[in-house]
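Breakdown of the fold
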Amino acid sequence: MTDFTPTEMMTIAASRELSNDDVCFVGIGAPSAACNVARLTHAPDITLIYESGTVGTRPDVLPLSIGDGELCDTALFTVSVPEMFRYWLQGGRITTGFLGGAQIDKFANLNTTVVGPYDHPKVRLPGGGGAPEIASNCGRIFITMALSKRGFVEKLPFITSMGHGEGGDHRERLGMKTKGPTRIITDLCILEPDPTTKELTVVSIHDGVTREQIVDNCGWPIKFADQVIATPVPSEVELTTLRDINARTKKAHQGDREAA
Amino acid sequence: MAKIVTLAEAIGDNVRDGDTVAMEGFTHLIPYAAGHEVIRQGRKDLFLVRMTPDILYDQLIGVGAARGMKFSWGGNPGVGSLHRFRDAVENQWPRPLEIEEHSHAAMANAYEAGAANLPFAMLRGYIGADLPKVNANIKSVTCPFTSELLAAVPAIRPDVTIIHAQHADRKGNVLIEGIVGVQKEAVLAAKRSIVTVEEIVDELAPPSPNSVVLPSWAVTAVSHVPGGAFPSYAHGYYPRSNAFYIGWDDIARDRDSFSAWIKENVLDAGPEDFARHAGGKPAKAT
């Protein structure tokens, strides 16, 4: 199938990173779509966890918030928020955290807090929520966000959650035993940290995308791995699954006309 | 024993100018009707505590009721910014807002420490993050057994915690179901507490021996306010109005349209107006 958008490619490529064995802490937005496409295609037994306390949830429509009723209604069980963060996340039970972000740097640190100085921000963003501890306590981290110069920056104004810090063995030096970000899935390509320096490097390029496009949309001089592969295009099943859940979601979210 | 009173009495008796106030409910069961009553009664200089400020604190900040806020995620979930919160932080309108920002894990631990009557909470948190550089209330402790360095934050001890729940019995025992968030911890951490409920029933009848129940003797006041969590939701009663959350973006973006919305839907309205969202009959005004 050749007729798909860059965002659809991003979501589907992200979904392929997950398997049946994953216990995945799901961020809202793009990560949530990817995790549920995985569940509805190749990973039907994946355990999806949202920070509102819902464990093993199987939503029919994508939640707008991390605590929509749909998540609780379809969960195996629901715990309190302190239990979620203490026992399940800090307890080391989560294999994979799936995050999005407003800005990322070349060592996969994320900013969702402020643009400009913290005390007098130019733009006040929502903040970290669960991300600081998701980033350090999950076995590994996947990040999905569109590649753009605004989003992929040389230097972050604020580190909301640590990826590989200053690169190299920075995580180990701070006592962390988890892997941190291992794959960054964008709408143009997939990045991985270099095994030694931990600098993000292009390892897979989506169909129809050129190296120049990737360079032009990244805020730092981005490197390419020696072996760069072509991302397989979405299959008909993947694309149909994604479009169906997006259509159900749109209908559900705009369905309740009891608005302002 | 909890007193079963009108919402106006509950707020009037228990929320004072300058108080540290926690209104909790993690996306679910957010006490909107009670927050609106706080605005109507003109409470001011409040220090607001809440993990996810949501639209409710956008409203309290926008009317100038807050001097500060302690929080961990200040957005409109799935939609974008809280524009009144941003206007206060970026432009000091309608007044400057002191902020104390944490992560969810730290806030959840801090409520739990408050409920456990401990002075602080500790967690394996904030590693490599910048928040400890800008928040003097994030410190560290060394484990006396392993020497591991752990993050420490003060316990949350609100003057008053306000939550919404499914139902209470006539003695004021409260049942909470679904996404239970940090409501139990927030109530037990506070000096006083107010619970608004969808229904007051003869028998509490908790569905399981392990149900989340707040006994009457741990709650200060209970008020019957059907629909009181709208536009968030009450599991088993009515769904979240995602359309309202999406619509709020335009209302709150502009100071004038925000103020007009507050006048029409808060200042010139009452708790009984929430009942239409529950599809039921309003509680009696007195």
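By convention here, each chain's residues receive numbers from 1 onward along its written sequence. Chains and ligands are labelled by the order in which they are written, letters from A for the one and numbers from 1 for the other. Reporting of local features is limited, given that this is a predicted model, to residues whose pLDDT is at least 70; pairs of side-chain atoms are given and counted only at 80 or more, and all residues count toward the totals for whole chains, interfaces and linings.

Secondary structure elements follow DSSP: runs of H or I of four or more residues count as helices, runs of E of two or more count as strands, with numbering from the N terminus. Within chain A, the regular secondary structure consists of 8 helices and 14 strands. As a reference, a globule follows 2.2 Å times the number of residues to the power 0.38, and the radius of gyration itself is taken over C-alpha atoms. A compact globule built from 260 residues should have a C-alpha radius of gyration of about 18 Å, and chain A, at 18 Å, falls within 12% of that. By its C-alpha atoms, chain A is 45 × 45 × 40 Å across when sized along the principal axes. Counting only residues that meet the buried cut, chain A has 54% of its 260 residues in that class. Intrachain contacts of chain A at a sequence separation of at least 6 include 67% that bridge at least 24 residues. Put plainly, a residue is buried at 20 or more neighbouring C-beta atoms within 10 Å of its own, exposed at 12 or fewer, and partly exposed in between, counting only other residues' C-beta atoms, which are placed from the backbone. The contact criterion used here is simple: two residues whose C-beta atoms, placed from the backbone, lie within 7 Å are in contact.

So, about the sheet that holds strand β10 (residues 149-154) of chain B. Residue and element names in this part refer to chain B. For two strands to be treated as a pair, DSSP must find at least two bridges joining them. If you trace the 3 strands from one edge of the open sheet to the other, you get β8-β10-β9, paired in antiparallel fashion. The open sheet terminates on both sides in strands that have one partner only, identified here as β8 (120-123) and β9 (139-142). Each strand axis lies, on average, 40° off the axis of its neighbour in the sheet, ignoring direction. Every axis corresponds to a line fitted to the C-alpha atoms, with the helix fit spanning only the stretch in contact, and the corresponding angles, defined between N-to-C directions, vary from 0 to 180 degrees. Against the sheet, helix α5 (residues 104-115) touches β8 and β10, its axis set at about 140° to β8.

The next thing to look at is the nonpolar core. Residue and element names in this part refer to chain B. Grouped together as the largest cluster of nonpolar side chains are 160 residues, with contacts concentrated most on Val174 and Val195. Counting residues per element, this core draws most heavily on α5, which supplies 8 residues. Mapped onto the domain boundaries, this core takes at least three residues apiece from domain 1 (3-101 + 157-278) and domain 2 (104-154). Each residue touching Val174, except ones within four places of it in the same chain, is listed here: Ala165, Ala168, Val195, Val197, Val213, Leu214, Val219 and Val222. A set of buried residues drawn from Ala, Val, Leu, Ile, Met, Phe, Trp, Tyr and Cys, joined through C-beta atoms within 7 Å, is what defines a nonpolar core. Where each domain starts and ends follows an automatic or database-derived domain assignment.

Below, the discussion takes up helix α4 (residues 83-91) of chain B. Along α4(B), 7 of the 9 residues are buried, which leaves the element largely enclosed by surrounding structure. When we look at burial in α4(B), the residues that qualify are B:His83, B:Arg84, B:Phe85, B:Arg86, B:Asp87, B:Ala88 and B:Val89. Looking at the buried side of α4(B), the elements it contacts are β9 (123-124) of chain A together with α3 (54-62), β6 (80-81), β7 (98-101), α8 (242-253) and α9 (255-267) of chain B. Within two residues after α4(B), B:Gln92 carries a phi angle of roughly 55°, on the positive side.

Residues and elements named next belong to chain B. Orientation of helix α2 (residues 32-40) relative to α3, taken along the N-to-C sense of each, is 5°, at an axis distance of 10 Å. Between α2 and α3, the angle falls in the class roughly parallel. Here Tyr32, Gly35, Val38 and Ile39 of α2 lie close against α3, whose contacting residues are Leu56, Gln59 and Leu60. Three residue categories are used. Nonpolar comprises Ala, Val, Leu, Ile, Met, Phe, Trp, Tyr, Cys and Pro, charged comprises Asp, Glu, Lys and Arg, and polar comprises the others, including Gly. Here the residues of the contact of α2 with α3 sort into 5 nonpolar, 2 polar and no charged. Oblique is the label for any angle not under 35 degrees, not over 145, and not in the 65 to 115 range, which are roughly parallel, roughly antiparallel and roughly perpendicular in turn.

A separate point is α2(B). Residues spaced three or four apart along an α-helix point in a common direction, a consequence of the helix completing one turn every 3.6 residues. Residues and elements named next belong to chain B. By the criterion of burial, α2 is predominantly enclosed, with 7 of the 9 residues buried. Considered for burial, the residues of α2 that qualify are Tyr32, Ala33, Ala34, Gly35, His36, Glu37 and Val38. At its buried positions, α2 is contacted by α1 (7-14), β2 (20-23), α3, β11 (160-169), β13 (192-201) and α9. Gly42 sits one or two residues past α2 and shows a positive phi near 70°.

A word on unusual backbone geometry. Among all residues save glycine, negative phi is the norm, and among peptide bonds the norm is trans. Residue and element names in this part refer to chain B. The residue after Trp93, namely Pro94, is reached through a cis peptide bond having omega 0°. Secondary-structure assignment places Pro94 in the loop between α4 and β7. The step from Phe230 to Pro231 runs through a cis peptide bond, and the omega angle for that step is 10°. Residue position: Pro231 is located in the loop between β15 (221-224) and α8.

This brings us to the pairing of strand β2 (residues 47-50) of chain A. Residues and elements named next belong to chain A. Burial of β2 is two-sided: the residues Thr47 and Ile49 facing one way and the residues Leu48 and Tyr50 facing the other way are all buried. The pairing of strand β1 (residues 23-26) with β2 spans 3 bridges and is classified as parallel. Looking at β2, one finds that Cys24 is bridged to Leu48. Between the parallel elements β1 and β2, the chain passes through helix α2 (residues 30-40) in a crossover that is right-handed. Here 2 bridges tie β2 to strand β3 (residues 54-55), and the two strands are oriented antiparallel to one another. Across the sheet, the residue bridging to Tyr50 is Thr54, located in β3. Count of turn residues in the β2/β3 antiparallel hairpin: 3 residues, of which Gly53 carries a positive phi of about 110°. Look down the strands so they point away from you; if the path from the first strand over the helix to the second goes clockwise, the crossover is right-handed.

So, about the interface of chain A and chain B. A common way to express how large an interface is: the accessible area buried when the components associate. Listed per partner, the contact involves 48 residues of chain A and 51 residues of chain B. Residues belonging to the side of chain A that touches chain B are distributed by class as follows: 19 nonpolar, 21 polar and 8 charged.

As a further point, take the sheet that holds strand β14 (residues 223-230) of chain A. Residues and elements named next belong to chain A. In spatial order, the strands read β4-β3-β2-β1-β5-β10-β11-β12-β13-β14; together these 10 strands make up an open sheet with mixed pairing. In this open sheet, the two strands that pair with only one neighbour each are β4 (77-78) and β14. The pairing of strand β5 (residues 96-99) with strand β10 (residues 140-144) spans 4 bridges and is classified as parallel. Looking across to β10, one finds that Thr96 is bridged to Arg140.

The subject of this paragraph is the domain arrangement of chain B. All names here are of chain B. When the domains of chain B are assigned, the result is domain 1 (3-101 + 157-278) and domain 2 (104-154). With centres defined by C-alpha atoms, the gap from domain 1 to domain 2 works out at 26 Å. Contacts between the two partners involve 11 residues from domain 1 and, on the opposite side, 10 residues from domain 2. Of all the secondary-structure elements, those providing two or more residues to the side of domain 1 that touches domain 2 are β7 and α7 (183-189). Top contributing element to the side of domain 1 that touches domain 2 by residue count: α7, with 4 residues.

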